[in-house]
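# A structural walkthrough
One-letter residues, chain by chain:
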Amino acid sequence: MIYQGKQKIWADYQKEIPDNHWFYVRSCIRQNFFPASEKYFLTICRDMLGRDIYETEHHTTCAGIAYHCDTIPQETAMTVVARQFALMTEAGYDSLVTSCITSFGNYTEILETWREFPELEAKIREQLWKACRREFEKPKYLAHASDLMYKLRGEIAERAQYRLVSRATGEPLRVVEHIGCHYSKMFPHKGVGGAEYPCVLSGMAEAWGGQVIDYPERRHCCGYGFRQYHVKANRGYSLSNTHKKFESMEPFHPDLILTNCPGCPYFLDRWQYVIAEMEGKTYGQNGYGIPALTYEELAGLVLGVDPWDLGLQVHQVAIEPLLDKIGIDYDPARKYLGMNEKKIKTPGLPTTLKCC
Amino acid sequence: MGKLYDLLSRDYRFKEGLKTCINCGTCTAICPAAEFYKYDPRKILDTVQRKDEAEIEALLKSDTIWYCGECMSCVTRCPRGNAAGLVIMSLRNLSAQLGYFTCSEKGRQLWPLTKMLTGNILHTGYCVHPSTFNPDDHPESGPVSRWVIENKDEVFGRLGANYQGKGPGALRRIPQEDLDELQAIFDVTGGSERIAAVEDASRRKAAEMGMDFDEYTKYTFEHCSPGHFNNE
Ligand code: SF4
Ligand code: SF4
């Protein structure tokens with residue numbers, strides 16, 4: 001009885017993720033800052049693991065950042081999302097996967113609000129028709145891209161060329177993760193593991209050989225805060241929150257930070273640079289930072305993809321110490337090449353944070 | 001019921017976000033904004049549920065409602081199923097609608113945000129776009145971001161993006177017909193009206209502060225007066 005009761009409780013934390021046939025929508029932030037992660041999401045799911053993921057050029061931003069910066073009314077945000085649903089319906093899909101946590105939270109909030117207030121859904125349908133002459137079905141399944149990678153983690157592990165293990169000691173790498181607030185804090189039952197036991201990232205890290213390390217501020221916000229980052233005058237908010245997380249994870253000596261959200265890997269990377277430049281403090285070993293990776297970057301490394309094809313050169317924290325720890329081959333001379341191996345000017349170097 | 005409370009009650013975020021607050025302060029304990037700013041979501045929910053029009057008006061004109069980061073950490077923890085973050089969104093929405101946002105420094109930041117984000121959406125189809133990302137406005141983005149922006153075609157090409165290209169892919173040029181649809185959505189749903197209202201109120205405030213509008217836009221984006229932080 002007790003066992004069955006526990007199974008029932010745990011069932012609340014599971015999420016049904018269909019295995020195939022997804023309509024894909026991109027993330028504004030990730031396209032700007034981690035475009036190779038999106039490319040490898042498609043390469044891994046489609047080309048390596050044979051899944052059908054459809055993308056149309058006609059989709060746009062979900063307007064989630066503008067919505068959470070309070071610059072557009074709720075009905076505008078809802079109608080932009082309704083248009084994405086219409087594109088999905090027109091393409092013949094009923095499962096939508098989004099590359100962005102802000103979008104995922106936004107879509108979830110919209111579907112839940114419509115469930116509670118059907119008259120609002122009816123109004124949005126009318127407005128979409130008036131503006132675009134489009135109609136839509138709501139997605140049967142809504143997933144964040146990491147949900148899908150989590151689902152495929154075993155297949156990725158089967159094809160792995162490297163494991164998240166130290167070449168020198170044979171010990172598992174120490175992974176800390178950051179889930180991103182809008183993944184499951186608002187609607188816990190929509191994320192794998194809910195808000196209490198989110199295992200979407202830890203499940204991947206463990207499947208690929210790493211050891212997940214708990215740290216006190218694991219669930220604290222990265223500090224994006226929308227207007228608190230986008231307005232220059234407010235950015236100390238963002239920095240202070242991320243600083244709190246670094247201070248909390250530092251005593252556990254993580255080898256890498258695994259992230260879920262579009263903004264989080266950017267903040268967890270760039271604020272290490274800022275703290276190093278402002279205060280001379282670095283969080284990795286020997287003057288380096290702790291690399292903060294997207295789940296596609298980590299999956300790509302495990303699968304043996306060239307680090308520079310994965311875009312690891314556009315992080316400010318150097319990735320090379322992590323590559324050396326795992327024993328991944330790379331060519332330092334190719335790090336900052338342009339297209340078709342073209343030599344272009346290389347970036348400037350930080351004054352304090354050590355880079356390769 | 002007072003006029004402001006009545007207006008708030010029409011907002012679906014308000015309907016969803018405010019049931020009955022028992023003033024326990026759990027939201028404040030978990031809130032990252034409360035740790036940083038002189039900010040207390042518990043007090044905001046309490047003020048609103050008391051339905052005191054004068055206090056609600058003061059709130060709509062204050063810096064207070066602009067301190068929240070909309071992380072929604074409070075939603076998971078409230079023992080009464082309230083969502084302080086959603087109530088804040090409804091207050092900000094009303095403040096924008098009535099032009100009250102220009103009464104506070106943090107509220108006035110709504111104009112540079114509106115200009116940047118809705119400008120990007122309607123002109124490019126993205127909330128953020130490399131063509132409008134200025135590394136000088138983002139010193140924290142580091143030398144590597146400057147390198148990316150100064151070598152956009154090469155670096156985005158190297159990383160497998162389809163920068164400004166046709167067809168699908170990261171950073172593709174979103175076809176004009178789709179941008180036209182976004183514009184139509186903004187026109188039909190009140191988005192365009194909101195942009196115009198925020199701009200009008202901001203222009204009036206700029207004149208009142210004796211600044212030309214470009215100067216006002218830059219000033220509101222960059223200026224931070226003392227007094228906002230807990231450690232001051
Ligand atoms: S946690 Fe909920 S009940 Fe407690 S003060 Fe905050 S809003 Fe009110
Ligand atoms: S949504 Fe706002 S009020 Fe709620 S925890 Fe986040 S910053 Fe605080």
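Bear in mind that the values here come from a model prediction, so they are computed numbers and not experimental data. (Residues numbered from 1 in each chain as written. Chains lettered and ligands numbered in written order. Predicted model: local features only at pLDDT ≥ 70, side-chain atom pairs only at ≥ 80, totals over all residues. Heavy atoms only, no water.)

## A short note on the site of ligand 1
Residues and elements named next belong to chain B. Going by this rule: Only heavy atoms are used to decide nearness, and a residue is near a molecule or strand if one of them lies within 4 Å of it. Think of it this way: any DSSP run of H or I at least four residues long counts as a helix, any run of E at least two long counts as a strand, and we number them from the N terminus. When residues are grouped by polarity, Ala, Val, Leu, Ile, Met, Phe, Trp, Tyr, Cys and Pro land in nonpolar, Asp, Glu, Lys and Arg in charged, and all others, Gly among them, in polar.
For ligand 1, the full set of nearby residues is Cys 21, Ile 22, Asn 23, Cys 24, Gly 25, Thr 26, Cys 27, Arg 42, Leu 45, Cys 78, Pro 79 and Asn 82. Put simply, the parts of the chain that give the shell around ligand 1 at least two residues each are α3 (26–30) and α5 (41–49). Considering only residue class, the shell around ligand 1 consists of 7 nonpolar, 4 polar and 1 charged.

## Focus on the interface of chain B and chain A
Filter applied, for reference: Note on contacts: a residue pair is in contact if any heavy atoms of the two residues lie within 4.5 Å. Buried area counts how much accessible surface, traced with a 1.4 Å probe, disappears from two parts once they are put together, with both parts' losses summed. Just to be clear on terms, a salt bridge is a Lys or Arg side-chain nitrogen sitting within 4 Å of an Asp or Glu carboxyl oxygen.
Contacts between the two partners involve 90 residues from chain B and, on the opposite side, 95 residues from chain A. At the boundary of chain B with chain A, total buried surface from both sides reaches about 7800 Å², with 60% on carbon and sulfur atoms. Applying the counting criterion to the chain B and chain A interface returns 11 salt bridges. Where B:Glu154 meets A:Lys342, a salt bridge forms, and the shortest distance between an N and an O atom there is 3.1 Å.

## Examining the pairing of strand β1 (residues 22–25) of chain A
Residues and elements named next belong to chain A. Going by this rule: The rule is simple: take the accessible area with a 1.4 Å probe, protein chains only, and divide by the maximum for that residue type; under 20% is buried, over 50% is exposed, in between is partly exposed. Here, a strand pair is defined by DSSP locating no fewer than two bridges between the strands.
Residues Trp 22 and Tyr 24 line one face of β1 and the alternating positions Phe 23 and Val 25 line the opposite face, and both faces are buried. Note: β1 against strand β3 (residues 95–98), 3 bridges, orientation parallel. Bridged to Tyr 24 within β3 is Val 97.

## Notes on the state of the cysteines
Residues and elements named next belong to chain A. Worth spelling out the cut-off: For the purposes of this analysis, a disulfide is any pair of cysteine sulfur atoms at a distance within 2.5 Å.
Under the definition given, this model contains 0 disulfides over all chains. Free cysteine Cys 100: the closest other cysteine sulfur is in Cys 62, separated by 5.9 Å. Taking relative accessible area as the criterion, Cys 100 reaches 7% and is therefore assigned buried.

## Side note on the site of ligand 2
The environment of ligand 2 is formed by 14 residues, the closest being B:Cys31, B:Cys68, B:Cys71, B:Met72 and B:Cys74. Ligand 2 is flanked by residues contributed from chains A and B. Of all the secondary structure elements, the ones that give two or more residues to the shell around ligand 2 are α4 (32–36) and α7 (73–77) of chain B. Residue composition of the shell around ligand 2, grouped by class: 10 nonpolar, 3 polar and 1 charged.

## Considering the packing of α5(B) against helix α6 (residues 53–60) of chain B
How two helices sit against one another is set out by the angle between their axes and by the gap between those axes. All names here are of chain B. The test is simple: Only the stretch in contact is used when a helix axis is fitted, and all axes are lines through C-alpha atoms; the angle between N-to-C directions ranges over 0 to 180 degrees. With respect to orientation, any angle under 35 degrees is reported as roughly parallel, any angle over 145 as roughly antiparallel, any angle of 65 to 115 as roughly perpendicular, and every other angle as oblique.
Contact pair α5 / α6: the axes reach a minimum separation of 8 Å and the direction vectors enclose 140°. The angle between α5 and α6 falls in the class oblique. Between α5 and α6, the contacting residues are Ile 44, Thr 47 and Val 48 on the first element and Glu 55, Ile 56 and Leu 59 on the second. Grouping the amino acids of the contact of α5 with α6 by side-chain chemistry returns 4 nonpolar, 1 polar and 1 charged.

## Some thoughts on the domain arrangement of chain B
Residue and element names in this part refer to chain B. Note the threshold: Note that domain bounds follow an automatic or database assignment of domains. In protein, a polar contact requires one atom able to donate a hydrogen and another able to accept it; more generally it is a pair of N or O atoms within 3.5 Å, and residues adjacent in sequence count only if both atoms are side-chain atoms.
For chain B, the assigned domains are domain 1 (3–100) and domain 2 (108–222). Just the C-alpha atoms count here: the centres of domain 1 and domain 2 sit 28 Å apart. Facing 5 residues of domain 1, the contacting portion of domain 2 comprises 4 residues. Summed over both sides, the interface of domain 1 with domain 2 buries roughly 360 Å², with 60% coming from carbon and sulfur. Applying the counting rule to domain 1 against domain 2 returns 0 salt bridges. Put simply, domain 1 and domain 2 have 1 residue pair in polar contact (both at pLDDT 80 or more) between them. Taken together, the residues that form the side of domain 1 that touches domain 2 break down as 2 nonpolar, 3 polar and no charged.

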